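Structural overview
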Amino acid sequence: MGKIITSIDQDLLAEIEGSAKGKATDEDLDHHKAQRLWIDGHVDLPYFMKKYYPEVAIKDLQEGPVTLEKAVSTGVRLFVSAIYCQDEFNGQASQLHFEENLAFTLNHYKGLHIIRHRQELEELRNDTQSVATLFLLENADFLADDLSRAEELRSEGFFAIGLTHRNTNRLADGDAADIAQGLSKEGKELLSIMMDHGLALDISHLHPKCFWQVLDSYEGPIFCSHTGLSEKYEIPRNITLAQCKELFDRQGVVGISFNPELLGPECKGEAEEIFAHLDTVVQRFGPRHVAIGSDLGGFGPRSDGPFCGLEGFEALARIMLDHGYGDSATEKILGLNWLAFFEKVL
Ligand SMILES: [Zn+2]
């Protein structure tokens with residue numbers, strides 16, 4: 001029996017295809033490059049630099065998945081840098097660990113613009129040679145010691161906070177928690193401070209129990225910076241289409257990761273495998289809320305294949321166009337959806 005096409009399917013189809021014209025050519029890909037502002041919603045660049053190139057400033061960094069040169073040449077001129085706090089430092093050592101990571105990043109990012117206000121997004125869009133970043137706090141355990149510290153984060157370039165990494169911390173449970181306790185008192189207080197100060201909530205790594213709790217109490221901007229889809233690869237780290245729907249109902253965005261560990265058991269992180277996750281969301285909800293949060297730098301340097309860095313965006317663009325996605329859907333997914341989200345949050 002053939003597929004029954006409903007009116008919703010047709011609307012979605014129109015949104016996905018737009019004026020698509022089949023196979024992508026190099027000219028198609030170059031077409032918008034001059035004005036391109038593609039956006040990566042999650043890179044682990046500070047972690048990567050600290051681990052592999054602690055002596056090199058970002059403006060001199062020539063190797064690795066994300067460099068300023070690659071950002072300009074691929075058009076991925078805005079990326080969210082995770083200030084990632086490792087679970088092993090949770091507790092007493094967490095504050096020092098965070099402040100060290102932030103100081104390292106500020107020191108090594110000299111010369112890279114850190115966006116704090118909405119109008120800077122417009123300036124970035126118009127200056128096609130410039131590159132900029134936003135900060136995201138990944139694992140906020142240290143804030144349990146001093147919740148008022150959260151109020152300063154916004155002025156330091158942070159637009160969002162993810163409560164946990166993989167383990168349970170003093171705020172909430174991560175995706176690797178065997179038994180979830182749910183949000184702690186401090187976790188709930190932090191959410192209220194975040195709402196008051198316009199900090200967005202990143203639900204990546206959050207245990208489902210906390211995810212559903214958060215939806216009941218948190219009314220600020222909410223999104224998922226980097227994930228795979230459970231419907232494609234069922235592991236606790238990935239989120240479901242039902243969770244996507246909740247985020248989209250709240251105008252949130254979901255960033256699909258390039259990290260092979262999230263994409264499939266035998267996965268190499270190739271463009272088709274990333275596309276499969278992305279397309280699962282697009283087929284259900286259209287292209288308006290899904291984007292890229294590569295996690296580049298967070299899963300080790302790769303030397304093989306096209307997915308060793310930001311150039312993966314170009315491979316993905318080609319695959320989307322080959323699968324019949326139109327220019328408009330492709331540009332939304334590779335940048336404009338994040339841009340609209342940031343414009344609302346900043
Ligand atoms: Zn992560």
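Refer to the structure printed above.
The structure contained in this document is the topic of the report that follows.

Criteria and thresholds
Residues numbered from 1 in each chain as written. Predicted model: local features only at pLDDT ≥ 70, side-chain atom pairs only at ≥ 80, totals over all residues. Helix = DSSP H or I, 4+ residues; strand = E, 2+ residues; numbered from the N terminus. Rg over C-alpha atoms; globule rule 2.2 N^0.38 Å. Buried ≥ 20, exposed ≤ 12 C-beta atoms within 10 Å, placed from the backbone. Contact = placed C-beta atoms within 7 Å. Pairing = 2+ DSSP bridges. Core = buried A, V, L, I, M, F, W, Y, C linked by C-beta atoms within 7 Å. Axes fitted to C-alpha atoms, helices over the stretch in contact; angles between N-to-C directions. Parallel < 35°, antiparallel > 145°, perpendicular 65-115°, else oblique. Left-handed = near helix turned anticlockwise from the far one by under 90°. Nonpolar A, V, L, I, M, F, W, Y, C, P; charged D, E, K, R; others polar. Right-handed = clockwise from strand over helix to strand, strands pointing away.

**Brief notes about the overall build of the chain**
If you tally the helices and strands in the chain, you get 14 helices and 9 strands. Its C-alpha atoms give the chain a radius of gyration of 19 Å, within 12% of the compact-globule value 20 Å for 346 residues. Overall size of the chain, expressed as C-alpha extent along the three principal axes, is 55 × 50 × 40 Å. Expressed as a percentage of its 346 residues, the buried residues of the chain come to 47%. Expressed as a percentage of contacts within the chain between residues at least 6 apart in sequence, the contacts between residues at least 24 apart total 73%.

**Section: the pairing of strand 1 (residues 39-43)**
Two faces make up the sheet, and in a regular strand the side chains alternate between them. Across the 5 residues that make up strand 1, a large majority, 5, are buried. In this sheet, strand 2 (residues 78-84) lies alongside strand 1 in parallel orientation, the contact comprising 3 bridges. Considered in strand 2, the bridge of Asp40 is made with Phe79.

**Notes on the environment of Phe159**
Residue position: Phe159 is located in strand 5 (residues 158-162). The buried category is assigned to Phe159, around which 22 C-beta atoms lie within 10 Å. The sequence separation of Phe159 and Ile115 amounts to 44 residues, and the corresponding C-alpha distance is 9.0 Å. Other than its neighbours up to four places away in sequence, Phe159 contacts Leu134, Leu199, Ala200, Phe342, Val345 and Leu346.

**Observations regarding the nonpolar core**
Among the nonpolar cores identified, the biggest contains 90 residues, and Leu136, Phe158, Ile161 and Leu199 are the most heavily contacted of them. When residues of this core are assigned to their parent elements, the largest contribution, 7 residues, is made by helix 14 (residues 327-345). Those residues in contact with Leu199 that sit more than four places away from it in its chain are Ala150, Leu153, Arg154, Phe158, Phe159, Ala160, Ile161 and Met194.

**Observations concerning the packing of helix 13 (residues 312-322) against helix 14**
One way to put it is that helix 13 packs onto helix 14 with a least axis distance of 10 Å and a crossing angle of 155°. When the axes of helix 13 and helix 14 are compared, the pair comes out roughly antiparallel. Considering only the axes of helix 13 and helix 14, their crossing is right-handed. Within the contact between the two elements, helix 13 uses Phe313, Ala317, Met320 and Leu321 and helix 14 uses Thr330, Ile333 and Leu334.

**Considering the environment of Glu100**
Within the secondary structure, Glu100 sits in helix 5 (residues 94-108). When the 13 C-beta atoms within 10 Å are taken as the criterion, Glu100 is described as partly exposed. Residues Glu100 and Val282, spaced 182 residues apart in sequence, show a C-alpha to C-alpha distance of 39 Å.

**Examining helix 3 (residues 45-52)**
Residues of helix 3 that are buried include every one of Leu45, Pro46, Tyr47, Phe48 and Met49, and no others. Buried residues in helix 3 make contact with strand 1, strand 2 and helix 5.

**Quick look at the packing of helix 3 against helix 5**
Direction vectors running N to C along helix 3 and helix 5 enclose 90°, while the axes themselves pass 10 Å from each other. By the criterion of interaxial angle, the relationship of helix 3 to helix 5 is roughly perpendicular. Residues Pro46, Met49 and Lys50 of helix 3 form the contact with helix 5, whose participating residues are Asn101, Phe104, Thr105 and His108. Of the residues in the contact of helix 3 with helix 5, the class split is 3 nonpolar, 3 polar and 1 charged.

**Some points on the pairing of strand 5**
Burial analysis of strand 5 places 5 of its 5 residues in the buried class, the great majority of the element. Summarising the sheet, strand 4 (residues 132-138) and strand 5 pair through 4 bridges and their orientation is parallel. Counterpart to Leu137 in the pairing with strand 5 is Ile161. Note that the unit made of strand 5, helix 8 (residues 185-196) and strand 6 (residues 200-202) has a crossover that is right-handed.

**Notes on the environment of His226**
Position of His226 relative to the elements: it lies in strand 7 (residues 222-227). By C-beta crowding, His226 is classed as buried, having 31 other C-beta atoms within 10 Å. Separated by 22 residues in sequence, His226 and Ser204 place their C-alpha atoms 6.2 Å apart. In this structure, His226 is in contact with Gly41, His42, Ser204, Gly255, Ser257, Gly293 and Asp295, ignoring residues within four places of it in sequence.

**Some details on unusual backbone geometry**
Phi angles above zero are rare outside glycine, and Asn139 is one such case at about 85°. Turning to its location among the elements, Asn139 is positioned in the loop between strand 4 and helix 7 (150-153). In the Ramachandran plot, Asp295 falls in the positive-phi region, its phi being about 70° despite a non-glycine side chain. With respect to the secondary-structure elements, Asp295 resides in the loop between strand 9 (290-292) and helix 13.

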